[in-house]
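Report on the structure
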Amino acid sequence: MMFRAVIMDMDGTLFDTERISQNAWIRAAVETGCGVSREDLLSFRGRTREANAERFRSMKGTEGFDYYALRKIRDAYFAAYIREHGVPLKKGLFSLLNRLQDHGILIGIATGTARETAEKLWAQSGILPYIRFSVCGKEAGAGKPAPDCYQHAVGKAAAVLRRQDPAAPELTTGECAVLEDAETGVLSASAAGCCPIVIPDLTPPTETMNKLAFAVCGDLDEAAGVILSHAALR
């Protein structure tokens, strides 16, 4: 196994934003009188807003309930937190990015977050210069746990590598490590043929995640070590 590209999930993997998002949802739910528990919210991780809108409707029904109105309030609370405190980074993020870059490993992101929101977070956090390709929201079709976003990300990574060196071998899915914290993302990466590296966030890895994972790591520093131990020497 030789990794040439790393595709990273964003919320809960690179940024410690899942807790902020949950708190913002709870505040929005209290404000609107919509009963949403933290257990409900855990099932929405890693999915697009469209998928979560349908999930909310199936759980809460449609009478007197507007998911997007609720989300607008949640987004305002989330944005206010980021303005005041900045983007909370996961331990070892810049160490990971610098080590991957120094070893010539292509870095990209595949996230269920819409591009407009994601790009703002990349710029605010300082990681934007490291990102060579990205897939956001529903740009690739079906969201996680479907394989679409990671398949699309591999295609984008392959295009970057072809521009760098037209004579180089075509990138394969098995040469792409994926950093994920949620089961939906691990299922997506595995179905796409990539190698999921699990870094648990809000909850321990499930049996399915452990089964599908190339490795389970405690933090991004440990994940960097796993990736570089399976990377070409420069």
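Here, the structure is the one placed above.
Residues numbered from 1 in each chain as written. Predicted model: local features only at pLDDT ≥ 70, side-chain atom pairs only at ≥ 80, totals over all residues. Heavy atoms only, no water.

1. Brief notes about helix H8 (residues 183-191)
Helical geometry: 3.6 residues make up each α-helical turn, so side chains three or four residues apart lie on a common side. The criterion, for reference: Summary of the burial criterion: residues with accessible area below 20% of their type's maximum are buried, those above 50% are exposed, and those between are partly exposed, where the area comes from a 1.4 Å probe applied to protein chains only. Under the DSSP-based scheme used, a helix requires at least four consecutive residues in state H or I and a strand at least two consecutive residues in state E, with every element numbered from the N terminus. Whether two residues are in contact is decided by their heavy atoms: any pair within 4.5 Å suffices.
Along H8, the residues classified as buried are Thr 184, Gly 185, Val 186, Ser 188 and Ala 189. Where H8 is buried, its residues contact helix H7 (148-164), strand S4 (176-180), strand S5 (195-198) and helix H9 (207-212). Positive phi shows up at Gly 193, right after H8, with a value of about 95°.

2. Things to note about the packing of helix H1 (residues 18-32) against helix H4 (residues 67-85)
Counted only if it meets this: Helix axes are fitted only over the stretch in contact, all axes being lines through C-alpha atoms; the angle between N-to-C directions runs from 0 to 180 degrees. Roughly parallel covers angles under 35 degrees, roughly antiparallel covers those over 145, roughly perpendicular covers 65 to 115, and oblique covers all other angles. Note on convention: near helix rotated counterclockwise from far helix by under a right angle means a left-handed crossing. Clockwise means right-handed. Gly falls in the polar group here, along with every residue not listed as nonpolar (Ala, Val, Leu, Ile, Met, Phe, Trp, Tyr, Cys, Pro) or charged (Asp, Glu, Lys, Arg).
Following both chains from N to C, one finds H1 and H4 inclined at 130°, their axes separated by 8 Å at the closest point. Between H1 and H4, the crossing angle belongs to the class labelled oblique. Crossing geometry of H1 relative to H4 is assigned as right-handed. For the pair H1 and H4, the contacting residues are Ile 20, Ser 21, Ala 24, Trp 25, Arg 27, Ala 28, Ala 29, Glu 31 and Thr 32 in the first and Tyr 67, Leu 70, Arg 71, Ile 73, Arg 74, Tyr 77, Phe 78 and Tyr 81 in the second. Residue classes in the contact of H1 with H4 are distributed as eleven nonpolar, two polar and four charged.

3. What to know about H1
Defined as follows: To estimate the expected span of a helix, subtract one from its residue number and multiply by 1.5 Å.
The end-to-end C-alpha separation of H1 is 21 Å, in line with the 21 Å expected for 15 residues at 1.5 Å each. When we look at burial in H1, the residues that qualify are Glu 18, Ile 20, Ser 21, Gln 22, Ala 24, Trp 25, Ala 28 and Ala 29. Gly 33 sits one or two positions beyond H1 and adopts a positive phi of about 80°.

4. Notes on the packing of helix H5 (residues 93-102) against helix H10 (residues 220-228)
Contact pair H5 / H10: the axes reach a minimum separation of 8 Å and the direction vectors enclose 15°. Judged on the interaxial angle alone, H10 and H5 are roughly parallel. With respect to the hand of their crossing, H5 and H10 are arranged in right-handed fashion. The segment H5 lies against H10, with Leu 93, Ser 95, Leu 96, Arg 99 and Leu 100 engaging Leu 220, Asp 221, Ala 224, Gly 225, Ile 227 and Leu 228.

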